[in-house]
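Fold and contact review
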Amino acid sequence: MINFKKIFNISRLTSRKKDGVFYLKIKTLLGFEPKRLSLYSEAFTHPSYQYQKEGRKSYERLEFLGDAILGAVIADYIFTNAPQEDEGYLTKMRSKIVERRNLDQLGEELNLLGFLRTKLSPRQLGNHINGNLFEALVGAIYLDRGYKACFEFIERKLIIPNINIKSLEGKVISHKSLLIEWCQKHKKDFSIEAEEDNEDCSGSKYFKAKVEVNGLGISKARATSKKKAEELAAKRLCYKIEGKYRKIDVK
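Naming follows an unreviewed UniProt entry, where the chain appears as Ribonuclease 3 of Capnocytophaga haemolytica. One UniProt comment on the chain, placed under Subcellular location (unreviewed entry), says "Cytoplasm". Recorded under Catalytic activity (unreviewed entry), the UniProt text for the chain is reproduced unchanged: "Endonucleolytic cleavage to 5'-phosphomonoester."

Following this line, the structure appears as C-alpha cells:
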C-alpha cells in the first residue's frame, strides 16, 4: 500500500531544502539576510515559468518598481555629490549611470541569470535580461528592507565599483542626440532619414539611415533596427565633424 503521508513529508522536506539553498545564495548576493524570501523568488521568476503554479508571479512588476527606485537612488547620489551642478547636468549624469548597457553588464557580473527560473533557453531571453533582473532585484530589496537598504546595495554594487562622475562627463550615450544638440547650438541645418532596406537579400530585416548636416557632410549606415542605423550614421558623422572642429561640445 502506498504511504501518501510519507511521500508528502519527503516532498515537503525537499522543498524546504531547496528554499534553504536559495536563501543562502540570496544572502550571499545581497550581503544581508532577506526577510521575505518570496519577494526574491518572484524577482527571479520569468513569465514563461510563472504559470506552472497558480498564483505565482513573474519579475515584471518588481522590474517596474526597481527601475523607479534605481532612478531615485542615482538621482539622490548625484544630487549629493555634485552640489554645484544644475538640473540639466544632473539629468545627463543619471541617464549615463542607468544606461541599459551598464545594468546589463552588472547583472551579468552578478550572475543573476543563474538565479532565474524559466522555461526558455538563454538565447530566447533577450539581450537585456540581466539588466531587467537587476531592476527586479532592486524592487524586491525595496519591499523587503526599504529605501536605505536599496541605496546601500546600489552604492556597493553599481556606484562605487563602476561610477566616476568626472569620467562620465565626457561619455556619449547617444551620438544622434549629441549631433542634434550641436547643430541647434551652432545653427546648422540637419536631416535624419531611415527606412527598411528592401534591397537586402540575406533573409534578415535591415534598415538603412542617412544623416546630413548642411555644409559638413553626409553619413550612411545599415543595421538591424531603425534606431541602431540612425545612431551608427550619426556617430560616423560626429567623427567627421570632430575632425574639422576638433571636438563636438554642446555645453
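Now that the structure has been shown, the text picks up again.
1. Overview of the packing of aromatic side chains
Following the criterion strictly, the structure yields three aromatic pairs and no others. Note that Arg222 overlies the ring of Tyr206, its terminal NZ or CZ placed 4.0 Å from the centroid.

2. Some remarks on a nonpolar patch on the surface
On the surface, a cluster of nonpolar side chains totalling about 240 Å² of accessible area is made up of Tyr142, Leu143 and Tyr147. Within the element layout of this structure, Leu143 appears in helix α7 (residues 129–145).

3. Focus: the pairing of strand β3 (residues 217–223)
Side-chain direction in a regular strand flips from residue to residue, so the side chains alternate between the two faces of the sheet. As paired strands, strand β2 (residues 207–213) and β3 are joined by seven bridges and run antiparallel to one another. Among the inter-strand pairings, Lys208 is bridged to a residue of β3, identified as Arg222. Here β2 folds back onto β3, and the loop between the two strands holds three residues, one of which, Gly215, carries a positive phi near 85 degrees.

4. Quick look at the nonpolar core
By size, the foremost hydrophobic cluster in this structure holds 45 residues, and its most contacted members are Tyr40, Phe44, Phe134, Leu137, Ile141 and Ile154. When neighbours within four sequence positions are excluded, Ile141 is seen to be in contact with Leu30, Phe32, Tyr40, Gly146, Ala149, Cys150 and Phe153. Formed by 17 residues, the second largest nonpolar core is a distinct cluster that contains Phe207, Val213, Leu216 and Ala234.

5. Topic: the UniProt feature "binding site: Mg(2+)" (unreviewed entry) in the chain
The sites that carry the UniProt feature "binding site: Mg(2+)" (unreviewed entry) are, in the present numbering, Glu63, Asn132 and Glu135. A compact arrangement is adopted by the annotated residues: their sequence extent is 73 residues, whereas the largest C-alpha distance between any two is 6.1 Å. Looking at the secondary structure, you find Glu63 in helix α4 (residues 60–81). A residue is classified by how much of its surface remains accessible, and Glu63, at 18% relative accessible area, is buried. Residues within four places of Glu63 in sequence aside, it is in contact with Asn132, Glu135 and Ala136. One can find Glu135 in helix α7.

6. Points about the UniProt feature "active site" (unreviewed entry) in the chain
Following the UniProt record, the feature "active site" (unreviewed entry) maps to Asp67 and Glu135 here. These annotated residues cover 69 residues of sequence, but their C-alpha atoms sit close together, with the largest distance between any two at 5.4 Å. Along the chain, Asp67 turns up in helix α4. The exposure class assigned to Glu135 is buried, which follows from its relative accessible area of 3%. Contacts of Glu135, omitting those with residues within four sequence positions, involve Leu62, Glu63, Gly66, Asp67, Leu70, Arg100 and Leu103.

7. Regarding the side chain of Glu42
Residue placement: Glu42 occurs in helix α2 (residues 37–43). Here Glu42 sits buried without a salt bridge, and the closest side chain of opposite charge, Lys57, lies 4.9 Å off (N-O distance).

8. As for the sheet that holds β2
Ordered by their spatial adjacency, three strands build an open sheet running β1-β2-β3, and the pairing between neighbours is antiparallel. For this open sheet the edge positions go to β1 (190–196) and β3, each flanked by a neighbour on one side alone. Averaged over all pairs of adjacent strands, the angle between their axes in this sheet comes to 15 degrees, without regard to strand direction. Note that β1 and β2 share seven bridges and pair antiparallel. Bridged to Glu193 within β2 is Lys210.

9. Concerning the packing of α4 against helix α5 (residues 87–97)
Two elements in contact, α4 and α5, have axes separated by 10 Å at closest approach and are oriented at 130 degrees. Regarding the angle of α4 to α5, the classification is oblique. Considering how the two elements wind past one another, α4 and α5 form a crossing that is right-handed. Packed against α4, whose contacting residues are Gly71, Ile74, Ala75, Ile78 and Phe79, the element α5 presents Leu90, Met93, Arg94 and Ile97 at the interface. For the contact of α4 with α5, the class distribution of residues is seven nonpolar, one polar and one charged.

Conventions adopted
- Here the residue numbering is sequential within each chain, running from 1 through the sequence in written order.
- At least 70 in pLDDT is required for a residue's local features to be given in this predicted model, at least 80 for side-chain atom pairs to be given and counted, and no such filter applies to totals for whole chains, interfaces and linings, which use all residues.
- Only hydrogens and water are removed before side-chain values are computed, so all heavy atoms of the structure are retained for them.
- UniProt positions are given in the numbering used here, feature names are shortened, and annotations may be inferred rather than shown by experiment.
- In summary, the pairing rule links any two rings of Phe, Tyr or Trp, Trp by its six-membered ring, whose centres are within 6.5 Å, and it sorts them by plane angle into stacked for under 30 degrees, edge-to-face for over 60 and tilted for everything else.
- Charges are assigned to positions over rings by a cutoff of 6 Å between ring centre and Lys NZ or Arg CZ, combined with an angular limit of 35 degrees from the ring normal.
- The residues that make up patches have over 30% relative accessible area and no salt bridge, and they are joined within 9 Å when like-charged or within 5 Å when they are Val, Leu, Ile, Met, Phe, Trp or Tyr.
- Residue burial considers only the protein chains on display, and all accessible areas are found by Shrake-Rupley using a 1.4 Å probe.
- We define a salt bridge as a side-chain nitrogen of Lys or Arg found within 4 Å of a carboxyl oxygen belonging to Asp or Glu.
- Per the convention used, a helix needs a DSSP run of H or I reaching at least four residues, while a strand needs a run of E reaching at least two, with both numbered from the N terminus.
- By definition, two strands form a pair when at least two bridges between them are found by DSSP.
- Take the buried Ala, Val, Leu, Ile, Met, Phe, Trp, Tyr and Cys residues and link them wherever side-chain atoms come within 4.5 Å; each set so joined is a nonpolar core.
- Three exposure classes are used, based on accessible area relative to the maximum for each residue type with a 1.4 Å probe and protein chains only: buried under 20%, partly exposed in between, and exposed over 50%.
- In this description, contact between two residues means that some pair of their heavy atoms is separated by no more than 4.5 Å.
- Charged-residue counts in this description rest on Lys and Arg as positive and Asp and Glu as negative, His and the chain ends being excluded.
- The axes are straight lines fitted to the C-alpha atoms, using for helices just the contacting stretch, and the angles between their N-to-C directions are given from 0 to 180°.
- By definition in this entry, angles of less than 35 degrees are roughly parallel, angles greater than 145 are roughly antiparallel, angles of 65 to 115 are roughly perpendicular, and the rest are oblique.
- Note on convention: the crossing is left-handed when the near helix lies turned anticlockwise from the far helix by less than a right angle, right-handed when the turn is clockwise.
- Amino acids are sorted into nonpolar (Ala, Val, Leu, Ile, Met, Phe, Trp, Tyr, Cys and Pro), charged (Asp, Glu, Lys and Arg) and polar (every other residue, Gly among them).

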